[in-house]
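# Reading the structure
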Amino acid sequence: MAPTHVLRCCQRGLAWIPVIFIALVVCWSYYAYVVELCVFTILSIGEQIVYLIFFHLFFIMFVWSYWKTIFTKPANPSKEFCLPKAEKECYEKEERPESQQEILWRVATSLPLYTRTGAGAIRYCDRCQVIKPDRCHHCSACDMCVLKMDHHCPWVNNCVGFSNYKFFILFLAYSLVYCLFIAATVLQYFIKFWTLCRRKSAENCPKNELPDTHAKFHVLFLFFVAAMFCISILSLFSYHLWLVGKNRSTIEAFRAPVFRTGSDKNGFSLGFRKNIAQVFGDQKKYWLLPVFTSQGDGLTFPTRLVSADPEQATVTLQPEPNKSAADVIVSPLNDSQNRLLSNNQHDNNVRDHLGNNMVKSDESETITVSMESES
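Criteria and cut-off values
Residues numbered from 1 in each chain as written. Predicted model: local features only at pLDDT ≥ 70, side-chain atom pairs only at ≥ 80, totals over all residues. Heavy atoms only, no water. Phe/Tyr/Trp six-rings, centres within 6.5 Å; stacked < 30°, edge-to-face > 60°. Helix = DSSP H or I, 4+ residues; strand = E, 2+ residues; numbered from the N terminus. Buried < 20%, exposed > 50% of the residue type's maximum accessible area, 1.4 Å probe, protein only. Lys NZ or Arg CZ within 6 Å of the ring centre and 35° of its normal. UniProt positions renumbered as here; feature names shortened; annotations may be inferred.

A separate point is the packing of aromatic side chains. Per the stated rule, a full pass over the model turns up 28 aromatic pairs. Between the aromatic rings of tyrosine 33 and phenylalanine 181, the centroid separation amounts to 6.0 Å while the plane-to-plane angle is 45°, which identifies the pairing as tilted. Of this pair, tyrosine 33 sits in helix α2 (residues 17–39) while phenylalanine 181 sits in helix α6 (residues 165–198); the two residues are 148 residues apart in sequence, bridging distant segments of the chain. Take tyrosine 33: its relative accessible area is 0%, and that puts it in the buried class. The ring of phenylalanine 268 carries the charged tip of arginine 135 above its face, separated from the ring centre by 4.3 Å. Above the ring of phenylalanine 301, the side-chain terminus of arginine 135 is found at 5.0 Å from the ring centroid.

Another aspect to go through is unusual backbone geometry. Its identity as a non-glycine residue notwithstanding, arginine 135 has a phi of 70°, on the positive side. With respect to the helices, strands and loops of the structure, arginine 135 is situated in the loop between β3 (130–131) and β4 (137–139). When its relative accessible area of 3% is taken as the criterion, arginine 135 is described as buried. Positioned with a positive phi, asparagine 157 is a non-glycine residue whose angle comes to about 50°. The residue asparagine 157 is located in the loop between β6 (151–153) and β7 (158–160) in this model.

As a further point, take the UniProt feature "transmembrane region" (unreviewed entry) in the protein chain. In the numbering adopted here, UniProt assigns the feature "transmembrane region" (unreviewed entry) to residues 15–42, 49–67, 167–191 and 217–242. Here residues 15–42 is 82% helix and 0% strand, with 39 Å between the C-alpha atoms at its ends. Secondary structure content for residues 49–67 is 100% helix and 0% strand, while the C-alpha to C-alpha distance between its ends is 27 Å.

Listed below in structure tokens is the structure:
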């Protein structure tokens, strides 16, 4: 037991190495830009002031979002997704997978679950002993189930999921802006110092050239580092913006979620604007700030209305006299699952299928309407 505990502690300690490396690079970049470039290299006071104001603005936003991404605890499934004591004991005693699935199905009937395993079974985590909510996955590095898990990022030593996905996107955005700003403002001095380094001696330099000081090494290296990080961050940032627009996680991009009606890679997509709002919130004034504004609770997510779900209950309506079927107002089956869908979109989807799904009885005027899948 002791060796295992020591090994686990060593693994947790080593996991902070990438974060420490990034912190050291950021601290050095601050010193190189503020002291070596702005103080020792730039001669114009006005240029120094403008550069320092914008640099500190981007630096603060970058560090703030990076901090929030690292130290925001991943959200976990609530207690309602844990098996009750009696069912848990029965589940542990059962050896047949079929019997265990029957127990899970009984418990899952009262839970808002729409996704399944590839074989159509209930998604259950034996490690955490919880029924996995939709879009929830177990992280082996964090040793926990994470709501709307995207991936485990070693550069932040944390799981990126529902609770900090917005912070992660902002971290990528501000780190890209930070590096671009440094590369753009350092470029002219990089060229001058690079030309200076190619000359044999400082005496051969024209009078308008920069002096040959130790600052040139910081400026040269600063441009190379900023340009290198720009290229790597740009590709990652572009990819995650594409994921946000499609309302997919990294896991779902590689393995489409399986619903009751089958796998659907666009099952959680509500349209570009609603997909953006689900991550960044409704109030645009908070979009660029690393404060939590994501919609929902991470346990349930609205889905596209794609096809009829045989397991979804039907709604039976009794039309009033002198009212046509088109005048009947149909309320959603689950308001929490449709909080991001506009009423107009819902009404249009219902009315489009009303004519095809209407069944009239010989003895009554009962109309049965099959709702589209909310899985």
